[in-house]
Amino acid sequence: MTLSTWLLAMAAGLFLLGLWPWLRRAPARPRTRRRGWPGRTLGALAIVLALALAGLGGLLRGYHWLLADVPVGNIALRELGTQRYEATLYLDRQPPRVFELRGDEWQLDARVIRWTLPGRLAGLPPVYRFERLSGRYGDPKQELESPRTVHDLRTGWDFWEFRQRWLSRWPVADARWGSAAYLPMLDGAIYDLSLNPAGGLVAKPADARTEDLLRQAGW
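Here's what I pulled together on the structure shown here. Everything numeric here is computed off the predicted structure, so don't read it as measured data.

Criteria and thresholds
- Starting afresh in each chain, residues are numbered from 1 along the sequence in its written order.
- At least 70 in pLDDT is required for a residue's local features to be given in this predicted model, at least 80 for side-chain atom pairs to be given and counted, and no such filter applies to totals for whole chains, interfaces and linings, which use all residues.
- Just so you know, side-chain values use all the structure's heavy atoms and leave hydrogens and water out.
- Strands here mean DSSP runs of E at least two residues long; helices mean DSSP runs of H or I at least four residues long; both are numbered from the N terminus.
- For every residue, the accessible area (1.4 Å probe, protein chains only) is compared with the maximum for its type, and the residue is labelled buried under 20%, exposed over 50%, or partly exposed between those bounds.
- The Shrake-Rupley method, run with a 1.4 Å probe sphere, supplies the accessible areas, and residue values consider only the shown protein chains as cover.
- Every case where a carboxyl oxygen of Asp or Glu lies within 4 Å of a side-chain nitrogen of Lys or Arg is listed as a salt bridge.
- Aromatic pairing here means that ring centres of Phe, Tyr or Trp (its six-membered ring) are within 6.5 Å. Orientation follows from the plane angle: under 30 degrees is stacked, over 60 is edge-to-face, and everything else is tilted.
- We call a charge positioned above a ring when the Lys NZ or Arg CZ atom is no farther than 6 Å from the ring centre and deviates by at most 35 degrees from the ring normal.
- When DSSP finds at least two bridges between two strands, those strands are taken to pair.
- Angles shown run from 0 to 180 degrees and are taken between the N-to-C directions of axes, each axis being a line fitted to C-alpha atoms and, for helices, limited to the stretch in contact.
- The contact criterion used throughout is that any non-hydrogen atoms of two residues lie within 4.5 Å.

### So, the overall build of the chain
Part 1 of the reasoning: Summing up its helical and strand segments, the chain has six helices and eleven strands in all.
Part 2 of the reasoning: Looking at the chain as a whole, 37% of its 219 residues are labelled buried.
Part 3 of the reasoning: Within the structure as shown, the chain displays about 13,200 Å² of accessible surface, and the carbon and sulfur contribution to it stands at 58%.

### Details of the pattern of salt bridges
Part 1 of the reasoning: Under the definition given, this model contains eight salt bridges.
Part 2 of the reasoning: R84 is the salt-bridge partner of E100, the closest N and O atoms lying 3.0 Å from each other. With a gap of 16 residues between them, E100 in strand 4 (residues 97-102) and R84 in strand 3 (residues 84-91) connect regions that are remote in the sequence.
Part 3 of the reasoning: For E100, a relative accessible area of 31% puts it in the partly exposed group.
Part 4 of the reasoning: Given the relative accessible area of 25%, R84 is considered partly exposed.

### A few points about the environment of L19
Part 1 of the reasoning: Summarising the element assignment, L19 is placed in helix 1 (residues 3-23).
Part 2 of the reasoning: The class for L19 is partly exposed, based on a relative accessible area of 24%.
Part 3 of the reasoning: Here the alpha-carbon distance between L19 and G43, two residues 24 residues apart in the chain, equals 6.1 Å.

### Description of the packing of aromatic side chains
Part 1 of the reasoning: This structure, assessed with the given rule, holds one aromatic pair.
Part 2 of the reasoning: Measuring from centroid to centroid gives 5.5 Å for W106 and Y191, while their planes differ by 50°, and the two rings are tilted. Here W106, found in strand 5 (residues 105-115), pairs with Y191, found in strand 10 (residues 190-195); they are 85 residues apart in sequence, far enough to count as distant.
Part 3 of the reasoning: For W106, a relative accessible area of 0% translates into the label buried.
Part 4 of the reasoning: Above the face of the Y182 ring, R136 is positioned so that its terminal group lies 3.7 Å from the ring centre.

### Re unusual backbone geometry
Part 1 of the reasoning: Even without being a glycine, Q83 presents a positive backbone phi close to 55°.
Part 2 of the reasoning: As for its placement among the helices and strands, Q83 is situated in the loop between strand 2 (70-81) and strand 3.

### Examining the environment of M10
Part 1 of the reasoning: Considering the arrangement of structural elements, one finds M10 in helix 1.
Part 2 of the reasoning: By relative accessible area, which is 35% here, M10 ends up partly exposed.
Part 3 of the reasoning: Through-space distance from the C-alpha of M10 to that of L49 is 9.8 Å; in sequence the pair is 39 residues apart.

### Some details on the sheet that holds strand 3
Part 1 of the reasoning: Strand order in the open sheet formed by five strands is 4-3-2-10-11, with antiparallel pairing between adjacent strands. This sheet does not close on itself; its edge strands, each paired only once, are strand 4 and strand 11 (201-205). The sheet shows a mean angle of 30° between the axes of neighbouring strands, direction not considered.
Part 2 of the reasoning: The sheet contact formed by strand 2 and strand 3 spans eight bridges and is antiparallel. Across the sheet, residue I75 finds its bridge partner in strand 3, namely L89.

### With respect to the pairing of strand 2
Part 1 of the reasoning: Of the strand pairs in this sheet, strand 2 and strand 10 are connected by six bridges, and their pairing is antiparallel. For A76, the partnering residue across the bridge sits in strand 10 and is I190.
Part 2 of the reasoning: What sits between the antiparallel neighbours strand 2 and strand 3 is a turn of two residues, in which Q83 has the positive phi angle 55°.

### Here we look at the environment of A181
Part 1 of the reasoning: Within the secondary structure, A181 sits in strand 9 (residues 179-184).
Part 2 of the reasoning: For the pair A181 and D109, spaced 72 residues apart in the sequence, the C-alpha separation amounts to 6.8 Å.
Part 3 of the reasoning: Those residues within four positions of A181 in sequence are excluded, and the remaining contacts are W106, Q107, L108, L201 and A203.

Dropping the structure here:
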């Protein structure tokens, strides 16, 4: 279960709990009616909290729990021409996506959100999401002159943008632990991708053939 799903489930439970004092029928005695208002007040507060949790769950919909070393997908490469490759990216059990990359190496960037002390004391683990896939050149000089390819992997407005705009002065979360991994683009190579709780993105050969290709390329 993702953090977003967990928050939405909590919001649904609180919303139903908050509706209960308003939906149940109270006896007709005046004294009982007066006693019903504290329950309705608490119910209204529960509904407000439920809406806040639902909004937070929506903002965090692209993030996933980071509890241990997590396999997050793989990337397969096919050569199209000189320094041109087709990259098929499989991430988090999503349908595969195909991108064209230029250069000698591929690079995948992820953002890891770590909660500040109150969130950590509450037991919230870090969450992550992927930011971009890009091609890069082995020669930095060529990187300045040759065409570059960058593909945005984000899906809409997310929690971090909301935090930067509206909660920047509040100690809610910290995303200084971004991470990236890169390896050479080789025809037929397949790489496995994983993230560890420290926020490190790790890429390694998925099979013996890719290991041989890396060895032949001098990696």
